[in-house]
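Coordinate analysis (summary)
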Number of protein chains: 2
Amino acid sequence: MLDEPKCCPVAGAASAWSMAHLEPHNARDRILVAASTLFCRQGFAATGIDTVIDAANTAKATLYKHFPSKQQLIEAVLDAEGETWRAWFFGRLAKVQAPANERMLAVFGVLQDWFSDPGFYGCPFINAVAEFESSNGAVRKAAEKHKSHLITWLTAQAIEQGLPDPKETTRTFVVLIDGAIVAAQHTRDPSFARTARRLAECHLRDVSRKD
Amino acid sequence: MLDEPKCCPVAGAASAWSMAHLEPHNARDRILVAASTLFCRQGFAATGIDTVIDAANTAKATLYKHFPSKQQLIEAVLDAEGETWRAWFFGRLAKVQAPANERMLAVFGVLQDWFSDPGFYGCPFINAVAEFESSNGAVRKAAEKHKSHLITWLTAQAIEQGLPDPKETTRTFVVLIDGAIVAAQHTRDPSFARTARRLAECHLRDVSRKD
DNA sequence: TAGTGAAAAGACAGGTCTGTCTGTTTTTCC
DNA sequence: GGAAAAACAGACAGACCTGTCTTTTCACTA
């Protein structure tokens, strides 16, 4: 999806972080949006192809023309959902006009907005890896790819700040981001983003002092 | 399981954190152990009853006599796996002869041992909630119950240390523990436990200073 | 030794799953 | 307006799913 921008955000949709809120313009996009919604809310294995067909108001042959197997549909959903989420996430962060220090901490404000959405269901990649664990290499690869984008961004910020050990700071942020996501998903309490932010501030103070 | 201790650890088993390494003494325990292993490694929905039967070397009628439905088997597995894990985890922590300060930080050492086990597959409760998300209330409840044990222990430690805000310290540790688990699961790198520990130290220094 | 109950083995029903195939209708584009 | 591509509708095959049921085996006990 979105090779050419055939999907555009629904007017006034609050939840630009998810594909589920795009207005699909063709059968392929409709299938992707429906599959994404269902897979992420009911599980990948628990959602049947027929359910996707019904939700997408399409035909079986059409689905299998665009996505030759359910496995490939799952991969396409993760790919598209990841791209949508990252566009939203990094887009929000790019608007932060502040020193790298503050921009890095702004991550947790954006996360809190995500957690506060009533449709928040956790991170699709964390959920997918949790569901398939070791039994689906392609899903793990998709998750790795997604996380590598995050890591690249975080490391760049750490370097821009001139922190002594950018890699360790990145690892620190990864733990905090994953932890906040899971805690918020389980408790439905978005304020775990604040808890994570406080820890991040603590870490940044700590490593700056050592200079 | 374990109403009376009919299961005992396999001699020399390194991985006492999981039911999968107990020596089952009757059909019911064999089913629980097999189901636990399969559910946690291939997913709950993706694992069929017949697969469990085969792995447990038992008969279908026997399984359905002890667990009237797959849903109830899932709940029993989570219950038993949680109890086994907590017995291992808190047992390890109880052996730590040190001030509450150190005992709380010792959590991350125990976690690292868990992550280092080749059979580590993440936290069964995080994985189960991820798989079913909102579509299975009983699973969410089981996860809540498990986490509440952890929270009780953490809060008690924070109070024993005389920390100014035990609840906030507990929330902090919850984020760090969840984050370390997920990061280690995805990367298969146990040292995320150390990263989390450093953050915890940072937090404890911070809240102690404010006294 | 006869009886009792737990477990094994596996056939079976009824439903759902993925994926294929055959037509018909709609859209698109020249 | 007419040809080509795309999408719709749905029957169908074959596998697999959960859950029930019957029959056989076996261990223990009165």
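Read on for an overview of the structure. In this text the structure is predicted, and so the values were computed from the model without any measurement.

**Re the environment of Ile-181 of chain B**
- Here Ile-181 of chain B shows up in helix α8 (residues 166-187).
- Apart from the residues within four sequence positions on either side, Ile-181 of chain B is in contact with Gly-122, Cys-123 and Ile-126 of chain B.

**So, the protein's contact with DNA strand C**
- Among the 16 residues in the neighbourhood of DNA strand C, the closest are listed as Gly-48, Ile-49 and Ala-61 of chain A together with Thr-58 and Ala-59 of chain B.
- Of all the elements in the fold, those that place two or more residues in the surface near DNA strand C are α2 (49-56) and α3 (60-66) of chain A together with α3 (60-66) of chain B.
- Residue composition of the surface near DNA strand C, grouped by class: six nonpolar, six polar and four charged.

**A few points about the interface of chain B and chain A**
- On the chain A side, the residues contacting the 37 residues of chain B number 37 residues.
- Counting only elements with at least two residues in the side of chain B that touches chain A, the list comes to α1 (27-42), α6 (124-132), α7 (137-160), α8 and α9 (192-209) of chain B.
- No other element matches α8 of chain B, which puts 12 residues into the side of chain B that touches chain A.
- Split by residue class, the side of chain B that touches chain A holds 18 nonpolar, 12 polar and seven charged.

**Regarding the relation of the copies chain B and chain A**
- Of the transformation superimposing chain B on chain A, the axial component is 0.0 Å and the angular component is 180°, with the fit at an RMSD of 0.0 Å. Taken together, these values place the two copies in the relation of a two-fold axis. Looking at the rotation axis and the C-alpha trace of chain B, the residue lying nearest is Gly-179 of chain B, at 1.7 Å.
- A shared binding surface is used by both copies, with 100% of the interface residues of chain B retained as interface residues in chain A.

Conventions adopted
- Residues numbered from 1 in each chain as written.
- Chains lettered and ligands numbered in written order.
- Predicted model: local features only at pLDDT ≥ 70, side-chain atom pairs only at ≥ 80, totals over all residues.
- Helix = DSSP H or I, 4+ residues; strand = E, 2+ residues; numbered from the N terminus.
- Contact = placed C-beta atoms within 7 Å.
- Near = placed C-beta within 6 Å.
- Nonpolar A, V, L, I, M, F, W, Y, C, P; charged D, E, K, R; others polar.
- Least-squares fit on C-alpha atoms with pLDDT ≥ 70 in both.

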